[in-house]
Amino acid sequence: MTEKEFNQKLFTRNFTFLILGQVSSLIGNFSLKFALSMYILEQTGSASVFAGLLAAAMLPTILLSPFGGILADRANRRNIMVALDFLSGLSVLIAGFAVPSEHDIFAIGTLLLILSVLGAFESPTVQACIPQMLSGDNLIKGNAIVSQVASIAALITPFLGSIFYTVLGIRPVFYTTSICFFVTAFLECFILLDHKKSQSKIKLSSVIKDEFSVSMHFLCRQQPGILKLLLLAALVSLFVTGTAVIGFPYLVRTILGLSSNHYGIAESAMGIASVSGSLLVVLLAKKIHSRHLCIVLISFGICLVPCGIAFILPLSTFPRYLILLIMFCTCQLGCSMFSTYAVSLIQSKTPEHLMGKVMSYVFTLSMCAQPAGQVIYGALFDHFSDNVYFVLIPSGLLICLIGLLSRHFLD
């Protein structure tokens, strides 16, 4: 097998071990967080406590992700992933001994903060590894597969977490999750990546200053299109979080007054749509171009308009539910395609020595946009609870306008 033929393979040795590790890590992580939500609700009777813990846990990720990108560009990425997953498994294992106890909420909060710090360094590293393993159309396919793994894990882990927690209790969930992290670290040991060790001895403060200066010069001067795409992706994350994560469950449960079963069915359908979107990117990798991103974005905006109109027309509850379900599933499919291809596009235009830092900016901007979308749309839906079309229709039109304006740098 020639080197060219090897590079054309999608599931290379490195990428296969990376995906297997991600499967183990995500299943454990998502199952743990789902079980913790049920445990804290039972112990405190307050959903706001868990929400507050998650919000606080996001801060280290937002603040430290750029530093994670610097580390990813200066150290051996394989070793970073192995160390971080091992530390994650060890942290969960130690927390498992402290729960349940009289200090269990404190232990859970501390664990979430630790996992957030470790995640701030791991996410940019994983994203930076993919273009080191794959190239060309396989880069797009590889990112789509990573996205599919995350979507499928998010789809099945509530069921797994519920079964483990209900049958065995909270402590076995901790132990199982720690095993998942240790398995991930073991699998990542088999990944082989080239790394050029820096011979220079420079102060940490100088390194940070120089790295930020170089990456900002690259984004602002050399590739301003990437910076615009980063900001566009952040806007998409804001609207997705606001309308799909906050608005959709609010519309189904509170406005329409439907049962949790209806929402559960809708959530599963949206998960399937997300997986389908990343699968479409795999199938259409050679046919998708950057200009198609604005079309996907405009389609996302258009889908919100019928959702608003459904609350103007004299329709009964179930037809409105079906309209919301179909439109939001379409939105989820399009957003999955957008994020997968946008990340691949950014990676393809970023040089190897800047990959970690640029991907950390992608992650940081997305993380910053999510709480902003939650706050903005939470307030909007509360204020216009009797006329939710005042939120949905203008949001759809605004997204369409953003999509139209983005054409000039996506062509």
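None of these values were measured; they are calculated from a predicted model. (Residues numbered from 1 in each chain as written. Predicted model: local features only at pLDDT ≥ 70, side-chain atom pairs only at ≥ 80, totals over all residues. Heavy atoms only, no water.)

## Focus: the overall build of the chain
Worth spelling out the cut-off: We count a stretch as a helix when DSSP gives it H or I for four or more residues in a row; a strand needs E for two or more, and each element gets its number in order from the N terminus. It only takes one pair of heavy atoms within 4.5 Å for two residues to be counted as in contact. Computed by Shrake-Rupley with a 1.4 Å probe, the accessible areas treat only the displayed protein chains as cover when residues are assessed.
Tallying secondary structure elements over the chain gives 15 helices and 0 strands in all. Taking contacts inside the chain between residues at least 6 apart in sequence as the whole, the part at least 24 apart equals 86%. A total of about 19,200 Å² of accessible surface is found on the chain, and carbon and sulfur atoms cover 68% of it.

## Examining the environment of G378
Locating G378 in the fold gives a position in helix α13 (residues 355-383). Taking the C-alpha atoms as reference, G378 lies 9.3 Å from T243; in sequence the two are 135 residues apart. Apart from residues lying up to four places away in sequence, G378 is in contact with I246 and G373.

## Structural notes on the nonpolar core
Let me state the cut-off plainly: Each nonpolar core is a collection of buried residues, namely Ala, Val, Leu, Ile, Met, Phe, Trp, Tyr and Cys, held together in the definition by side-chain atoms within 4.5 Å. Accessible area is worked out with a 1.4 Å probe on protein chains only. A residue is then buried under 20% of its type maximum, exposed over 50%, and partly exposed in between.
Residues F15, F300 and F328 are the most contacted members of the largest nonpolar core, which totals 84 residues. When residues no more than four places from it in sequence are discounted, the contact partners of F300 are F239, V240, T243, C331, C335 and I399. Counting residues in each nonpolar core, the second largest holds 19 residues, with L32, A57, L111 and L112 among its members.

## Focus: the packing of aromatic side chains
The following threshold applies: Between rings of Phe, Tyr and Trp, where Trp is taken as its six-membered ring, a pair exists when centres lie within 6.5 Å; planes separated by under 30 degrees are stacked, by over 60 edge-to-face, and by other angles tilted.
Summed over all chains, the structure comprises 12 aromatic pairs. When the ring of Y250 is compared with that of F381, the centres are 5.8 Å apart and the planes differ by 45 degrees; the resulting orientation is tilted. On the criterion of sequence distance, the pair formed by Y250 in helix α9 (residues 224-255) and F381 in helix α13 is long-range, its members being 131 residues apart. Comparing Y250 with F381, the two get one shared label, buried. Both rings, one in Y377 and one in F381, keep their centres 6.1 Å apart while their planes meet at 40 degrees; by these two values the pair is tilted. Of this pair, Y377 and F381 both sit in helix α13, 4 residues apart, which is roughly one turn of that helix. Following the ring pairs from residue to residue traces out a cluster consisting of F239, Y250, Y377 and F381.

## Describing the state of the cysteines
The line we're drawing: In what follows, a disulfide is any cysteine sulfur pair within 2.5 Å.
Within the structure shown, the criterion is met by 0 disulfides. We note that C329 lacks a disulfide partner, and the nearest cysteine sulfur, in C331, lies 9.3 Å from it.

## Concerning the environment of V275
With respect to the secondary-structure elements, V275 resides in helix α10 (residues 260-283). Overall, V275 belongs to the buried group, its relative accessible area being 17%. It is 5.1 Å that separates the C-alpha atoms of V275 and Q148, two residues lying 127 residues apart in sequence. When near neighbours in sequence (up to four residues on either side) are disregarded, V275 contacts Q148, S151 and I152.

## Some points on the confidence of the model for the chain
Low pLDDT marks stretches whose predicted atomic positions should not be read closely. Spelled out, the test is: Note on scores: pLDDT gives the predictor's confidence for each residue, bounded by 0 and 100.
When the pLDDT values of the chain are averaged, the result is 80; 88% of them are 70 or greater. At the level of individual helices and strands, the chain shows its lowest average pLDDT in helix α1 (residues 3-8), which scores 47, and its highest in helix α7 (residues 170-188), which scores 92. Note that residues 1-7 has pLDDT below 50 and, in this model, 5 contacts with residues that lie over four places away or in other chains.

## A few points about the packing of α9 against helix α11 (residues 292-309)
Rules: Between N-to-C directions, angles cover 0 to 180 degrees, with each direction set by a line fitted to C-alpha atoms, over the stretch in contact for helices. Angle categories are assigned with fixed cut-offs, so that under 35 degrees is roughly parallel, over 145 is roughly antiparallel, 65 to 115 is roughly perpendicular, and the rest are oblique. Each helix crossing is assigned a hand: it is left-handed if the near helix lies turned anticlockwise from the far helix by less than a right angle, otherwise right-handed if that turn is clockwise.
Across the interface, α9 lies against α11 with an axial gap of 12 Å and an inter-helix angle of 20 degrees. Comparing the axis directions of α9 and α11 gives the class roughly parallel. When you trace α9 past α11, the crossing you get is left-handed. Together, L229, L232, V236, F239, V240 and T243 of α9 and L293, L297, F300 and L304 of α11 make up the contact between the two elements.

## Regarding the packing of α9 against helix α14 (residues 389-405)
Relative to each other, α9 and α14 sit at 160 degrees, their axes nearing to 12 Å. One way to sum up the angle between α9 and α14 is to call them roughly antiparallel. The hand of the α9/α14 crossing is left-handed. In this structure, α9 uses L232, L235, F239 and L251 to contact α14, whose residues at the interface are L392, L398, I399 and I402.

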